[in-house]
Amino acid sequence: MGNLCTCFAPKTVKTKKPIKRLTGNTQSVRNSSSRWNRIPSTRKDSTDSVIQEQALAAAILFRQHQQQNGSGPLPFDRSASLRYPNNSGSKKTQLPRSSSSRARSLTDPLLQPHQLLNQQDIKLEDLETNHFVLVHGGGFGAWCWYKTIALLEEGGFKVTAVDLTGSGVHSSDTNGIASLSQYVKPLTNFLEELADGEKVILVGHDFGGACISYTMELFPHKTSKAIFVAAAMLTNGQSILDMVSQQANSNDLLQQAQIFVYANGNGHPPTAIDLDKSLLRELLFNQSPAKDVALASVSMRPIPFAPVLEKLCLSDMKHGTVRRFYIETAEDNAIPITLQESMINSSPPEKVFHLKGADHSPFFSKPQALHKILVEISKMRST
(Lines give C-alpha, C1' and ligand atoms only; values in the text may rest on other atoms or scores of the structure.)
Protein backbone atom coordinates (compact mmCIF):
# COMPACT_ATOMS: atom_id res chain seq x y z
CA MET A 1 0.00 0.00 0.00
CA GLY A 2 2.91 2.31 0.69
CA ASN A 3 3.98 2.24 -2.95
CA LEU A 4 0.38 2.63 -4.10
CA CYS A 5 -0.08 5.71 -1.96
CA THR A 6 3.11 7.14 -3.32
CA CYS A 7 1.84 6.77 -6.87
CA PHE A 8 -1.28 8.84 -6.15
CA ALA A 9 0.39 11.42 -3.96
CA PRO A 10 0.34 14.97 -5.36
CA LYS A 11 3.48 15.72 -7.26
CA THR A 12 5.75 18.42 -5.93
CA VAL A 13 5.93 21.31 -8.33
CA LYS A 14 9.33 22.91 -8.60
CA THR A 15 9.32 26.69 -8.83
CA LYS A 16 11.76 28.31 -11.15
CA LYS A 17 14.46 30.37 -9.58
CA PRO A 18 14.44 34.05 -10.56
CA ILE A 19 16.82 34.80 -13.37
CA LYS A 20 19.73 36.89 -12.28
CA ARG A 21 20.27 39.93 -14.41
CA LEU A 22 23.77 40.80 -15.37
CA THR A 23 24.90 44.30 -14.91
CA GLY A 24 27.46 45.85 -17.11
CA ASN A 25 27.62 45.10 -20.81
CA THR A 26 23.98 44.15 -21.46
CA GLN A 27 24.49 44.39 -25.18
CA SER A 28 26.76 41.31 -25.23
CA VAL A 29 24.17 39.31 -23.34
CA ARG A 30 21.37 40.39 -25.60
CA ASN A 31 23.29 39.37 -28.72
CA SER A 32 24.12 35.94 -27.35
CA SER A 33 22.24 33.12 -29.12
CA SER A 34 22.99 30.36 -26.60
CA ARG A 35 23.30 30.02 -22.87
CA TRP A 36 26.43 27.91 -23.44
CA ASN A 37 28.37 30.64 -25.20
CA ARG A 38 31.68 31.44 -23.59
CA ILE A 39 33.99 34.38 -23.76
CA PRO A 40 36.74 33.50 -26.25
CA SER A 41 40.02 32.50 -24.70
CA THR A 42 43.18 32.36 -26.76
CA ARG A 43 44.88 30.28 -24.04
CA LYS A 44 42.16 27.59 -24.17
CA ASP A 45 42.19 27.49 -27.97
CA SER A 46 45.92 26.94 -28.04
CA THR A 47 45.69 24.21 -25.39
CA ASP A 48 42.92 22.41 -27.27
CA SER A 49 44.96 22.59 -30.46
CA VAL A 50 47.98 20.99 -28.78
CA ILE A 51 45.83 18.18 -27.29
CA GLN A 52 44.24 17.45 -30.66
CA GLU A 53 47.64 17.30 -32.36
CA GLN A 54 48.96 14.92 -29.68
CA ALA A 55 45.92 12.67 -29.97
CA LEU A 56 46.21 12.60 -33.74
CA ALA A 57 49.90 11.74 -33.58
CA ALA A 58 49.23 8.95 -31.07
CA ALA A 59 46.51 7.50 -33.30
CA ILE A 60 48.82 7.53 -36.35
CA LEU A 61 51.61 5.80 -34.41
CA PHE A 62 49.20 3.18 -33.07
CA ARG A 63 47.88 2.50 -36.59
CA GLN A 64 51.40 2.12 -37.96
CA HIS A 65 52.26 -0.29 -35.14
CA GLN A 66 49.23 -2.45 -36.03
CA GLN A 67 50.16 -2.52 -39.72
CA GLN A 68 53.75 -3.49 -38.95
CA ASN A 69 52.61 -6.36 -36.73
CA GLY A 70 49.96 -7.48 -39.21
CA SER A 71 47.15 -7.30 -36.66
CA GLY A 72 43.80 -5.61 -36.90
CA PRO A 73 42.11 -3.53 -34.25
CA LEU A 74 41.66 -5.19 -30.88
CA PRO A 75 38.02 -6.12 -30.29
CA PHE A 76 36.14 -5.43 -27.08
CA ASP A 77 34.25 -8.18 -25.36
CA ARG A 78 30.61 -7.13 -25.23
CA SER A 79 30.02 -8.61 -21.76
CA ALA A 80 32.91 -6.88 -20.04
CA SER A 81 35.20 -3.90 -20.43
CA LEU A 82 38.33 -6.07 -20.74
CA ARG A 83 40.34 -6.04 -23.93
CA TYR A 84 41.84 -9.24 -25.24
CA PRO A 85 43.87 -10.05 -28.36
CA ASN A 86 42.29 -11.52 -31.44
CA ASN A 87 44.25 -14.68 -32.26
CA SER A 88 43.24 -14.68 -35.89
CA GLY A 89 45.90 -17.25 -36.75
CA SER A 90 44.48 -19.79 -34.30
CA LYS A 91 41.65 -22.11 -35.26
CA LYS A 92 40.71 -22.69 -31.63
CA THR A 93 37.29 -21.26 -30.79
CA GLN A 94 37.40 -18.64 -28.08
CA LEU A 95 35.07 -19.13 -25.17
CA PRO A 96 32.74 -16.27 -24.26
CA ARG A 97 33.52 -14.26 -21.18
CA SER A 98 31.04 -13.85 -18.37
CA SER A 99 29.99 -10.52 -16.94
CA SER A 100 28.99 -12.20 -13.67
CA SER A 101 30.78 -10.92 -10.60
CA ARG A 102 30.43 -14.32 -8.89
CA ALA A 103 33.56 -16.41 -8.98
CA ARG A 104 33.05 -19.37 -11.30
CA SER A 105 34.57 -22.72 -10.46
CA LEU A 106 36.85 -24.36 -12.99
CA THR A 107 34.71 -27.47 -12.68
CA ASP A 108 31.69 -25.59 -14.02
CA PRO A 109 32.98 -23.37 -16.87
CA LEU A 110 30.68 -21.04 -18.73
CA LEU A 111 30.11 -22.86 -22.00
CA GLN A 112 27.45 -22.67 -24.63
CA PRO A 113 25.29 -25.82 -25.08
CA HIS A 114 26.88 -26.63 -28.46
CA GLN A 115 30.32 -26.61 -26.80
CA LEU A 116 29.31 -29.10 -24.13
CA LEU A 117 29.04 -32.02 -26.53
CA ASN A 118 31.00 -33.04 -29.55
CA GLN A 119 28.63 -32.60 -32.47
CA GLN A 120 30.68 -35.05 -34.54
CA ASP A 121 30.31 -37.77 -31.90
CA ILE A 122 26.57 -37.49 -31.37
CA LYS A 123 23.48 -37.23 -33.49
CA LEU A 124 20.25 -36.91 -31.56
CA GLU A 125 18.38 -39.07 -34.05
CA ASP A 126 20.81 -41.92 -33.36
CA LEU A 127 20.03 -42.01 -29.62
CA GLU A 128 17.59 -44.49 -28.16
CA THR A 129 15.77 -41.41 -26.87
CA ASN A 130 16.51 -37.70 -26.62
CA HIS A 131 13.62 -37.04 -24.24
CA PHE A 132 14.46 -36.18 -20.62
CA VAL A 133 11.81 -36.22 -17.90
CA LEU A 134 12.93 -34.22 -14.87
CA VAL A 135 11.46 -35.09 -11.46
CA HIS A 136 12.06 -32.66 -8.60
CA GLY A 137 12.79 -33.45 -4.97
CA GLY A 138 10.73 -32.98 -1.83
CA GLY A 139 9.51 -29.41 -1.43
CA PHE A 140 10.81 -28.41 -4.86
CA GLY A 141 8.88 -28.10 -8.11
CA ALA A 142 9.48 -28.14 -11.85
CA TRP A 143 10.76 -24.56 -11.47
CA CYS A 144 14.06 -25.79 -9.96
CA TRP A 145 15.13 -27.25 -13.34
CA TYR A 146 14.94 -24.00 -15.29
CA LYS A 147 18.68 -23.90 -16.09
CA THR A 148 18.79 -27.58 -17.02
CA ILE A 149 15.72 -27.23 -19.23
CA ALA A 150 17.24 -24.30 -21.10
CA LEU A 151 20.58 -26.05 -21.68
CA LEU A 152 19.03 -29.31 -22.84
CA GLU A 153 16.51 -27.68 -25.15
CA GLU A 154 19.18 -25.44 -26.70
CA GLY A 155 21.16 -28.62 -27.34
CA GLY A 156 18.23 -30.09 -29.28
CA PHE A 157 16.84 -32.39 -26.59
CA LYS A 158 13.21 -32.71 -25.65
CA VAL A 159 12.50 -31.96 -21.99
CA THR A 160 9.52 -32.46 -19.71
CA ALA A 161 9.61 -31.23 -16.09
CA VAL A 162 6.68 -32.34 -13.97
CA ASP A 163 5.12 -30.88 -10.84
CA LEU A 164 4.28 -33.75 -8.52
CA THR A 165 1.01 -33.59 -6.58
CA GLY A 166 0.99 -30.64 -4.17
CA SER A 167 4.31 -29.32 -5.52
CA GLY A 168 5.28 -26.33 -7.61
CA VAL A 169 2.16 -24.89 -9.20
CA HIS A 170 0.08 -28.04 -8.65
CA SER A 171 -3.13 -26.98 -6.94
CA SER A 172 -3.53 -29.89 -4.49
CA ASP A 173 -3.05 -29.38 -0.76
CA THR A 174 0.12 -31.13 0.38
CA ASN A 175 -1.54 -32.14 3.65
CA GLY A 176 -4.12 -34.21 1.78
CA ILE A 177 -1.63 -36.55 0.07
CA ALA A 178 -2.08 -40.02 1.58
CA SER A 179 0.17 -42.27 -0.55
CA LEU A 180 3.19 -42.35 -2.84
CA SER A 181 0.99 -43.30 -5.81
CA GLN A 182 -1.06 -40.14 -5.25
CA TYR A 183 2.09 -38.05 -4.96
CA VAL A 184 3.60 -39.30 -8.25
CA LYS A 185 0.29 -39.30 -10.17
CA PRO A 186 1.31 -36.47 -12.56
CA LEU A 187 4.40 -38.49 -13.53
CA THR A 188 2.58 -41.79 -14.02
CA ASN A 189 -0.16 -40.01 -15.99
CA PHE A 190 2.48 -38.58 -18.32
CA LEU A 191 4.11 -41.97 -18.93
CA GLU A 192 0.76 -43.63 -19.52
CA GLU A 193 0.07 -41.18 -22.32
CA LEU A 194 3.36 -41.83 -24.11
CA ALA A 195 2.99 -43.51 -27.47
CA ASP A 196 3.81 -47.20 -27.76
CA GLY A 197 7.52 -47.70 -28.31
CA GLU A 198 8.43 -44.23 -27.04
CA LYS A 199 11.00 -44.11 -24.23
CA VAL A 200 12.33 -41.42 -21.91
CA ILE A 201 15.29 -40.81 -19.61
CA LEU A 202 14.04 -40.29 -16.05
CA VAL A 203 16.04 -37.87 -13.89
CA GLY A 204 15.20 -37.79 -10.18
CA HIS A 205 16.53 -35.42 -7.53
CA ASP A 206 16.30 -35.96 -3.76
CA PHE A 207 12.86 -37.49 -2.99
CA GLY A 208 12.40 -37.66 -6.76
CA GLY A 209 14.74 -40.65 -6.72
CA ALA A 210 12.14 -42.73 -4.88
CA CYS A 211 9.49 -41.43 -7.29
CA ILE A 212 11.32 -42.54 -10.42
CA SER A 213 12.07 -45.94 -8.82
CA TYR A 214 8.35 -46.36 -8.20
CA THR A 215 7.67 -45.36 -11.82
CA MET A 216 10.36 -47.67 -13.22
CA GLU A 217 8.54 -50.62 -11.64
CA LEU A 218 5.34 -49.60 -13.44
CA PHE A 219 6.81 -48.57 -16.82
CA PRO A 220 10.13 -50.34 -17.39
CA HIS A 221 9.38 -50.61 -21.12
CA LYS A 222 9.03 -46.82 -21.37
CA THR A 223 12.16 -45.99 -19.38
CA SER A 224 15.43 -45.97 -21.29
CA LYS A 225 17.64 -44.88 -18.38
CA ALA A 226 17.23 -43.59 -14.83
CA ILE A 227 19.53 -40.93 -13.43
CA PHE A 228 19.66 -40.27 -9.69
CA VAL A 229 20.95 -36.77 -8.85
CA ALA A 230 21.80 -36.49 -5.14
CA ALA A 231 18.73 -38.68 -4.84
CA ALA A 232 17.19 -41.42 -2.73
CA MET A 233 18.09 -44.59 -4.59
CA LEU A 234 16.17 -47.14 -2.54
CA THR A 235 16.08 -50.92 -2.58
CA ASN A 236 13.09 -53.22 -2.38
CA GLY A 237 11.19 -52.83 0.90
CA GLN A 238 12.91 -49.55 1.79
CA SER A 239 11.30 -46.14 2.43
CA ILE A 240 12.55 -42.58 2.50
CA LEU A 241 12.29 -42.68 6.27
CA ASP A 242 14.55 -45.74 6.34
CA MET A 243 17.13 -43.87 4.28
CA VAL A 244 16.96 -40.74 6.44
CA SER A 245 17.26 -42.85 9.59
CA GLN A 246 20.71 -43.96 8.48
CA GLN A 247 22.01 -40.44 9.02
CA ALA A 248 19.67 -39.33 11.82
CA ASN A 249 22.46 -39.05 14.36
CA SER A 250 24.97 -37.45 12.00
CA ASN A 251 22.87 -34.75 10.34
CA ASP A 252 21.82 -32.30 13.03
CA LEU A 253 21.21 -29.61 10.42
CA LEU A 254 18.45 -31.63 8.73
CA GLN A 255 16.77 -32.28 12.08
CA GLN A 256 16.94 -28.59 12.97
CA ALA A 257 15.44 -27.55 9.63
CA GLN A 258 12.45 -29.93 9.75
CA ILE A 259 9.12 -28.49 10.88
CA PHE A 260 6.33 -31.06 11.16
CA VAL A 261 2.85 -29.96 10.12
CA TYR A 262 -0.19 -31.46 11.91
CA ALA A 263 -3.14 -30.46 9.73
CA ASN A 264 -5.36 -33.11 11.37
CA GLY A 265 -4.46 -32.07 14.91
CA ASN A 266 -1.59 -32.81 17.25
CA GLY A 267 -3.16 -36.14 18.26
CA HIS A 268 -2.70 -37.50 14.73
CA PRO A 269 0.41 -38.26 12.66
CA PRO A 270 2.07 -35.36 10.79
CA THR A 271 0.63 -34.55 7.40
CA ALA A 272 3.65 -32.74 5.98
CA ILE A 273 7.18 -31.60 6.67
CA ASP A 274 8.15 -27.98 6.12
CA LEU A 275 11.69 -26.59 6.12
CA ASP A 276 12.91 -23.66 8.17
CA LYS A 277 13.51 -20.86 5.67
CA SER A 278 16.41 -19.50 7.71
CA LEU A 279 18.30 -22.79 7.25
CA LEU A 280 17.52 -23.36 3.57
CA ARG A 281 20.77 -21.92 2.25
CA GLU A 282 22.99 -23.94 4.58
CA LEU A 283 21.03 -27.16 4.09
CA LEU A 284 20.23 -27.16 0.37
CA PHE A 285 22.04 -24.30 -1.37
CA ASN A 286 25.39 -23.77 0.36
CA GLN A 287 27.17 -23.44 -3.03
CA SER A 288 24.32 -21.92 -5.07
CA PRO A 289 23.92 -18.32 -6.33
CA ALA A 290 21.93 -15.97 -4.11
CA LYS A 291 19.30 -15.36 -6.82
CA ASP A 292 18.48 -19.08 -6.95
CA VAL A 293 18.24 -19.27 -3.15
CA ALA A 294 15.81 -16.35 -3.29
CA LEU A 295 13.76 -18.17 -5.93
CA ALA A 296 13.63 -21.31 -3.80
CA SER A 297 12.70 -19.45 -0.62
CA VAL A 298 9.47 -18.17 -2.20
CA SER A 299 8.71 -21.29 -4.29
CA MET A 300 9.27 -24.31 -2.04
CA ARG A 301 6.27 -26.05 -0.50
CA PRO A 302 5.90 -28.57 2.34
CA ILE A 303 6.82 -32.22 1.74
CA PRO A 304 3.93 -34.72 2.11
CA PHE A 305 4.57 -37.02 5.06
CA ALA A 306 2.68 -40.21 4.09
CA PRO A 307 4.86 -40.96 1.01
CA VAL A 308 7.96 -40.65 3.23
CA LEU A 309 6.76 -43.66 5.22
CA GLU A 310 5.84 -45.88 2.27
CA LYS A 311 8.14 -48.80 1.46
CA LEU A 312 8.82 -49.47 -2.21
CA CYS A 313 8.04 -52.75 -3.92
CA LEU A 314 10.74 -53.18 -6.57
CA SER A 315 11.37 -56.30 -8.64
CA ASP A 316 14.32 -57.48 -10.71
CA MET A 317 11.98 -58.35 -13.58
CA LYS A 318 10.77 -54.74 -13.97
CA HIS A 319 12.67 -52.11 -11.99
CA GLY A 320 15.85 -54.16 -12.26
CA THR A 321 15.86 -54.09 -16.07
CA VAL A 322 16.27 -50.30 -16.28
CA ARG A 323 19.80 -48.92 -16.57
CA ARG A 324 20.63 -46.76 -13.54
CA PHE A 325 23.21 -44.00 -13.08
CA TYR A 326 24.07 -41.96 -10.01
CA ILE A 327 25.43 -38.39 -9.79
CA GLU A 328 27.12 -37.65 -6.47
CA THR A 329 27.21 -34.14 -5.00
CA ALA A 330 30.38 -33.61 -2.99
CA GLU A 331 29.32 -30.60 -0.88
CA ASP A 332 25.84 -31.89 -0.01
CA ASN A 333 24.55 -31.04 3.47
CA ALA A 334 21.11 -32.63 3.02
CA ILE A 335 22.16 -36.08 1.74
CA PRO A 336 25.85 -36.24 2.71
CA ILE A 337 28.28 -37.96 0.41
CA THR A 338 28.68 -40.80 2.93
CA LEU A 339 24.97 -41.59 2.69
CA GLN A 340 25.07 -41.35 -1.10
CA GLU A 341 27.92 -43.85 -1.20
CA SER A 342 26.04 -46.13 1.17
CA MET A 343 23.06 -46.24 -1.21
CA ILE A 344 25.38 -46.82 -4.17
CA ASN A 345 27.07 -49.73 -2.41
CA SER A 346 23.73 -51.26 -1.43
CA SER A 347 22.46 -51.23 -5.02
CA PRO A 348 25.31 -50.46 -7.45
CA PRO A 349 24.24 -48.56 -10.58
CA GLU A 350 25.86 -48.95 -13.99
CA LYS A 351 28.08 -45.92 -13.46
CA VAL A 352 28.68 -43.22 -10.83
CA PHE A 353 29.56 -39.61 -11.64
CA HIS A 354 31.04 -37.17 -9.14
CA LEU A 355 30.18 -33.46 -9.15
CA LYS A 356 32.96 -31.67 -7.31
CA GLY A 357 31.88 -28.49 -5.55
CA ALA A 358 28.17 -29.22 -5.95
CA ASP A 359 25.70 -28.77 -3.09
CA HIS A 360 22.38 -30.62 -2.77
CA SER A 361 21.01 -28.59 -5.70
CA PRO A 362 23.49 -29.01 -8.59
CA PHE A 363 20.94 -27.64 -11.07
CA PHE A 364 21.70 -24.31 -9.35
CA SER A 365 25.30 -24.69 -8.16
CA LYS A 366 26.73 -26.68 -11.10
CA PRO A 367 24.27 -26.41 -14.01
CA GLN A 368 26.87 -26.68 -16.77
CA ALA A 369 28.66 -29.67 -15.27
CA LEU A 370 25.33 -31.39 -14.56
CA HIS A 371 24.22 -30.79 -18.14
CA LYS A 372 27.41 -32.29 -19.50
CA ILE A 373 26.89 -35.47 -17.47
CA LEU A 374 23.24 -35.79 -18.53
CA VAL A 375 24.25 -35.53 -22.18
CA GLU A 376 27.06 -38.04 -21.69
CA ILE A 377 24.65 -40.54 -20.14
CA SER A 378 22.18 -40.07 -22.99
CA LYS A 379 24.91 -41.16 -25.43
CA MET A 380 25.80 -44.36 -23.56
CA ARG A 381 24.78 -47.42 -25.48
CA SER A 382 23.97 -50.71 -23.81
CA THR A 383 26.84 -53.16 -23.78
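What comes next is a walk through the structure. Only a predicted model underlies this, so the values are computations on that prediction, with no experimental measurement involved.

Overview of unusual backbone geometry
In step 1: Of note in the backbone geometry, Asp206 takes a positive phi value of approximately 60 degrees without being a glycine.
In step 2: As for its placement among the helices and strands, Asp206 is situated in the loop between strand E3 (200-205) and helix H7 (208-218).
In step 3: Non-glycine residue Ala230 carries a positive phi angle of around 45 degrees.
In step 4: Topologically, Ala230 is positioned in the loop between strand E4 (223-229) and helix H8 (240-245).

Some thoughts on helix H15 (residues 367-379)
In step 1: For H15, which comprises 13 residues, the first-to-last C-alpha distance of 19 Å matches the rise-based estimate of 18 Å (1.5 Å per residue) to within 8%.
In step 2: By the criterion of burial, H15 is predominantly enclosed, with 10 of the 13 residues buried.
In step 3: Among the residues making up H15, those that are buried are Pro367, Gln368, Ala369, Leu370, His371, Ile373, Leu374, Val375, Ile377 and Ser378.

Re the nonpolar core
In step 1: Within the largest apolar cluster, 41 residues are counted, with the highest numbers of intra-cluster contacts made by Phe132, Val203, Ile227, Leu284, Phe285, Met300 and Ile327.
In step 2: Broken down by element, this core gets its largest block of residues, 6 residues, from H15.
In step 3: Core analysis: the second largest hydrophobic core is formed by 40 residues, Tyr183, Val184, Leu187 and Val200 among them.

What to know about the side chain of His136
In step 1: Among the structural elements, His136 can be located in the loop between strand E1 (131-135) and helix H4 (146-154).
In step 2: Of the polar contacts made by the side chain of His136, one reaches the backbone oxygen of Phe140; its length is 3.2 Å.
In step 3: The contact partners of His136, leaving out residues within four places of it in the chain, are Gly141, Ala142, Cys144, Trp145, Val162, Asp163, Leu164, Ser167, Tyr183, His205 and Gly208.

Rules used in this analysis
Residues numbered from 1 in each chain as written. Predicted model: local features only at pLDDT ≥ 70, side-chain atom pairs only at ≥ 80, totals over all residues. Heavy atoms only, no water. Helix = DSSP H or I, 4+ residues; strand = E, 2+ residues; numbered from the N terminus. Expected span 1.5 Å × (residues − 1). Buried < 20%, exposed > 50% of the residue type's maximum accessible area, 1.4 Å probe, protein only. Core = buried A, V, L, I, M, F, W, Y, C linked by side-chain atoms within 4.5 Å. Polar contact = N/O pair within 3.5 Å; in protein donor to acceptor, adjacent residues only side chain to side chain. Contact = heavy atoms within 4.5 Å.

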